[in-house]
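Tertiary structure, described
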Amino acid sequence: MTILIDRTKDPHPGAPPGAGPVSVAATARNKANRGGGGLYKPRTPIYPKRISGQWRWIKWAVLIATLSVYYITPWIRWERPGALPDQAVLVDFEGSRFYFFSIQLWPQEVYFITGLLVVAALALFFVTALFGRLWCGYACPQTVWTDLFMLVERRFEGDRNARMKLDAAPWSFDKAWRKLGKHAVWLGIAFGTGGAWIFYFHDAPTLIRQFWVGQGPMTAYVSCAVLTFMTYALAGTMREQVCTYMCPWPRIQGAMLDKHSLQVTYRLDRGEPRGPHKKDQSWEGRGDCVDCRQCVVVCPMGIDIRDGGQLECINCGLCIDACDEIMQKVERPRGLIAFDTDAAVADRLAGRPARYQFIRPRTIYYAVTLTAVAGLIGWGLTQRSQVEAHVLRDRNPTFVRLKSGAIRDGYTVKIANRAFEDRVFSITVDGLPGALLRTPGLKESAVHVHVPADEVRAVRVFVSAPAEGLTATSQPLTFHIRSPKAEATVESVFLSGAANTP
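Residues numbered from 1 in each chain as written. Predicted model: local features only at pLDDT ≥ 70, side-chain atom pairs only at ≥ 80, totals over all residues. Heavy atoms only, no water.

Re the overall build of the chain
To be explicit about the condition: Helix and strand labels come from DSSP, where a helix needs a run of H or I of at least four residues and a strand needs a run of E of at least two; each type is numbered from the N terminus. Exposure categories follow from relative accessible area, calculated using a 1.4 Å probe and restricted to protein chains: below 20% of the type maximum is buried, above 50% is exposed, and the middle band is partly exposed. Every residue pair with non-hydrogen atoms within 4.5 Å of one another is taken to be in contact.
If you tally the helices and strands in the chain, you get 16 helices and 14 strands. Across the 502 residues of the chain, 43% fall into the buried class. Within the chain, contacts between residues separated by at least 24 positions form 67% of all contacts whose residues are at least 6 apart in sequence.

In structure tokens, the structure reads:
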């Protein structure tokens with residue numbers, strides 16, 4: 001298993017010999033707070049340097065794709081009949097529905113949502129076992145919005161050195177407008193983030209008009225305010241602290257990784273011993289690492305990848321771009337830092353060919369389980385009936401003896417029409433000799449119920465049967481609810497008290 005270095009728990013260099021973790025942490029806090037006894041270490045600002053390269057461009061592409069999906073999806077229209085919402089993706093709490101293009105889920109189908117969450121978790125486990133924390137480095141919302149906020153920051157304050165110089169300088173008009181402009185744009189992005197979120201729960205064109213004139217639901221204003229604040233705080237001011245201290249995934253991932261997992265890796269078999277290199281100096285007896293620290297200054301987490309695997313590393317690959325740029329300048333092969341495995345590094349150190357084992361027990365388990373759960377969900381969606389019915393038998397009275405001597409039971413039949421079109425359902429019964437079905441006030445052998453699209457209708461029905469045909473106090477009864485395109489069958493019972501009848 002890959003060992004991740006938790007730098008938040010490293011022994012403090014100034015701790016006395018034999019000091020335990022608690023005393024070490026206390027010593028560090030006391031020094032940081034000059035004896036003030038604070039609970040938390042103040043954030044040390046990180047100034048990542050701008051870098052260009054293959055992985056940086058991939059990150060930009062993923063950022064554009066994910067933000068486009070997030071902001072555009074609520075505005076995609078999907079025509080539905082009648083008064084049903086025409087929004088392709090909508091969580092409709094008022095109507096108790098979830099719409100996803102041609103799929104609609106009802107509250108009692110929450111198991112599909114549970115299945116999707118299980119699939120998402122298994123997919124994350126599978127990808128992590130193969131490629132490390134790719135989710136964290138490329139698609140995690142914290143990473144995506146932090147990248148966007150850092151882009152804005154560079155536009156106002158410049159690159160690494162300029163930002164450090166600006167922060168160290170006394171307040172001036174130049175510093176003030178740059179800081180205020182940056183935070184104003186951050187708040188605008190954060191507001192857009194919260195605003196986009198609320199459109200997933202209401203019809204977007206309707207809500208945007210109501211929102212700006214103060215007629216929107218209070219939940220929309222509260223949700224937008226909370227999301228605005230959280231985006232601004234997490235992506236603008238906390239950044240790497242969220243990944244290191246707040247998110248549980250860095251610590252959970254240790255159980256998913258092993259020596260064959262691809263991660264951003266410093267190939268120490270090639271880089272050591274490291275040290276500065278002068279032009280025309282021989283490369284004999286030394287490694288390719290020139291100790292330029294460019295991999296450190298571009299890291300958004302502020303770590304040194306050459307120290308090995310660390311829980312702060314999000315596998316963004318920016319250190320790879322920085323190192324490749326330096327290797328090209330000193331005319332050495334690229335890939336000193338690359339996506340590699342601990343097993344491959346160990347093989348090269350031992351003089352063996354590097355082995356890459358992607359098919360192994362844990363990846364097979366994740367792949368099989370993921371396929372099985374995803375297949376089960378897909379099968380369930382394709383087998384969903386467009387009608388769901390429930391039959392509730394009257395409890396008081398349990399049965400009624402008519403003047404003719406027949407026994408009558410009362411039932412309430414609830415029909416849910418899950419289709420996007422109105423339907424007429426016929427209700428019939430069988431399993432009981434001579435049984436007659438009718439609704440109150442009507443004498444018919446079949447009952448017809450009109451159910452509008454995506455709605456539920458309830459109808460009260462009576463079932464009567466000749467007493468001489470009843471052989472037990474409780475006999476099975478089957479209700480059939482049919483339309484030209486869908487049908488449902490519900491089992492119930494007919495109570496008669498026949499055993500007590502002379």
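Examining the sheet that holds strand β14 (residues 487–495)
Heads up, the condition is: Each pair of strands is called paired provided DSSP finds at least two bridges between the two strands. Here, axes are lines fitted to C-alpha atoms. For helices the fit covers the stretch in contact, and angles between N-to-C directions go from 0 to 180 degrees.
Strand order in the open sheet made by the four strands is β11-β9-β13-β14, with antiparallel pairing throughout. In this open sheet, the two strands that pair with only one neighbour each are β11 (447–451) and β14. Ignoring strand direction, the axes of neighbouring strands in this sheet form an average angle of 25 degrees. Sheet topology places strand β9 (residues 423–430) next to β11; five bridges connect them, and they run antiparallel. Counted as the bridge partner of Val 424 is His 450 from β11.

Quick word on a nonpolar patch on the surface
We apply this condition: Here, patches come from residues exposed beyond 30% relative accessible area and free of salt bridges, joined within 9 Å for like charges and within 5 Å for nonpolar side chains (Val, Leu, Ile, Met, Phe, Trp, Tyr). Only the protein chains shown count as cover for residues, and the accessible areas themselves come from Shrake-Rupley with a 1.4 Å probe. Salt bridges are defined as contacts in which a side-chain nitrogen from Lys or Arg sits within 4 Å of a carboxyl oxygen from Asp or Glu.
Residues Val 127, Phe 131, Tyr 356, Phe 358, Ile 359, Ile 364 and Val 368 make up a contiguous nonpolar surface patch of about 630 Å² in total accessible area. Along the chain, Tyr 356 falls in the loop between α15 (342–349) and α16 (361–382). The class for Tyr 356 is partly exposed, based on a relative accessible area of 38%.

What about the pattern of salt bridges?
For the structure on display, the rule yields 34 salt bridges. One salt bridge in this structure joins Lys 182 and Glu 153, with 3.4 Å as the shortest N-O distance. In this pair, Lys 182 sits in helix α7 (residues 173–198) while Glu 153 sits in helix α5 (residues 141–157), placing the two residues 29 residues apart along the sequence. A relative accessible area of 10% means that Glu 153 is categorised as buried. A salt bridge links Lys 179 to Glu 157, with the shortest nitrogen-to-oxygen separation between them at 3.2 Å.

Thoughts on the packing of aromatic side chains
To keep it simple, the criterion reads: Only the six-membered ring of Trp is used, alongside the rings of Phe and Tyr, when aromatic pairs are assigned; centres must lie within 6.5 Å, and planes under 30 degrees apart are stacked while those over 60 apart are edge-to-face, with the rest tilted. We count a charge as sitting over a ring when the NZ of a lysine or the CZ of an arginine lies within 6 Å of the ring centre and within 35 degrees of the ring normal.
Under the counting rule described, the total for this entry stands at 22 aromatic pairs. Between the aromatic rings of Trp 78 and Phe 101, the centroid separation amounts to 5.3 Å while the plane-to-plane angle is 90 degrees, which identifies the pairing as edge-to-face. Residue Trp 78 is located in the loop between α2 (54–72) and β1 (89–92), and its partner Phe 101 is located in the loop between β2 (97–100) and β3 (103–105); the two are separated by 23 residues in the primary sequence. Among the aromatic residues, those joined into a ring-pair cluster are Tyr 70, Tyr 71, Phe 93, Trp 145, Trp 197, Tyr 200 and Phe 201. Sitting above the plane of the Tyr 138 ring, Lys 59 keeps its charged end 5.3 Å from the centroid. Positioned above the aromatic ring of Trp 106, the side-chain terminus of Arg 97 is 3.6 Å from the ring centre.

Considerations on the confidence of the model for the chain
Stated precisely, the cut-off is as follows: On a range of 0 to 100, pLDDT expresses the predictor's confidence in each residue.
Per-residue pLDDT for the chain averages 86, and the proportion of residues at 70 or more is 90%. Note on residues 5–37: pLDDT is under 50 here. Beyond four places in sequence and across chains, it has 32 contacts.

Observations regarding the nonpolar core
Heads up, the condition is: By nonpolar core is meant a set of buried Ala, Val, Leu, Ile, Met, Phe, Trp, Tyr and Cys residues that side-chain atoms within 4.5 Å join together.
Grouped together as the largest cluster of nonpolar side chains are 33 residues, with contacts concentrated most on Val 264, Ile 305, Cys 319 and Ile 337. Elements represented by at least two residues in this core include exactly β4 (263–266), α13 (294–297), α14 (318–329) and β5 (337–340). Per element, the largest residue contribution to this core is seven residues, and it comes from α14. Ignoring any residue separated from it by four or fewer positions in sequence, one finds Ile 337 in contact with Val 264, Thr 265, Tyr 266, Cys 295, Ile 305, Cys 319, Ile 320, Cys 323 and Asp 324.

Brief notes about unusual backbone geometry
Only a minority of non-glycine residues have a phi that is not negative, and only a minority of peptide bonds are not trans. A cis amide bond links Glu 272 with the next residue in sequence, Pro 273, at an omega value of -5 degrees. Mapping Pro 273 onto the fold places it in the loop between α12 (268–271) and α13. Each neighbour pair has its own omega, and for Asn 396 with Pro 397 the value is 0 degrees, a cis peptide bond. Here Pro 397 lies in the loop between β6 (387–393) and β7 (400–401).

Focus: the environment of Arg 352
As for its placement among the helices and strands, Arg 352 is situated in the loop between α15 and α16. Apart from residues lying up to four places away in sequence, Arg 352 is in contact with Ala 346 and Asp 347.

Focus: the pairing of β2
Covered by surrounding structure in β2 are Arg 97 and Tyr 99 only, the residues Phe 98 and Phe 100 on the alternate face being uncovered. Pairing between β1 and β2: four bridges, direction antiparallel. From the neighbouring strand, Leu 90 faces β2, where its bridge partner is Tyr 99. Joining the antiparallel neighbours β1 and β2 is a turn of four residues, in which Ser 96 adopts a positive phi near 55 degrees. Across three bridges, the pairing between β2 and β3 is antiparallel.

Focus on empty space enclosed by the protein
To keep it simple, the criterion reads: Of the grid points, spaced at 1 Å and generated over the protein atoms alone, those admitting a 1.4 Å probe that cannot get out make up cavities, while open sets with protein on both sides within 12 Å along at least five of seven lines make up pockets; any residue with an atom within 4 Å of a point is treated as lining. Grid points are joined across faces, edges and corners, and a volume is the space filled by probe spheres set on the points. Nonpolar residues are Ala, Val, Leu, Ile, Met, Phe, Trp, Tyr, Cys and Pro. Charged residues are Asp, Glu, Lys and Arg, and all others, Gly as well, are polar.
Using the criterion set out here, one finds four cavities of 30 Å³ or more in the structure. Volume-wise, the largest cavity comes out at about 150 Å³. Around the largest cavity, the lining is made up of 17 residues, and of these Thr 146, Met 150, Pro 300, Met 301 and Ile 314 lie nearest the centre. Secondary-structure elements contributing two or more residues to the lining of the largest cavity are α5 and α10 (240–246). Per-element accounting of the lining of the largest cavity gives the leading share, five residues, to α5. Each residue belonging to the lining of the largest cavity can be placed in one class, and the counts come to nine nonpolar, three polar and five charged.

Things to note about the sheet that holds β1
Across the sheet, which stays open at both edges, the three strands sit in the order β1-β2-β3 with antiparallel pairing between neighbours. The sheet terminates laterally at β1 and β3, the two strands that pair on one side only. Put simply, the sheet's adjacent strands are angled 10 degrees from each other on average, direction ignored.

Looking at helix α9 (residues 218–238)
Selection criterion: To estimate how far a helix should reach, multiply one less than its number of residues by 1.5 Å.
Taking 1.5 Å of rise per residue, the 21 residues of α9 would be expected to cover 30 Å, and the 28 Å separating its terminal C-alpha atoms lies within 8% of that figure. Burial in α9 covers these residues: Ala 220, Cys 224, Thr 228, Thr 231, Ala 233, Leu 234, Ala 235 and Gly 236. Looking at the packing, one finds that the buried side of α9 touches α5, α7, α8 (204–212) and α10. Looking one or two residues beyond α9, the residue adopting positive phi is Arg 239, at roughly 50 degrees.

Thoughts on the environment of Ile 189
Relative to the assigned elements, Ile 189 resides in helix α7. The spacing of Ile 189 and Thr 228 is 39 residues in sequence and 8.2 Å in space, taken between C-alpha atoms. Not counting chain neighbours up to four residues away, the residues in contact with Ile 189 comprise Tyr 71, Trp 145, Leu 148, Phe 149 and Val 152.

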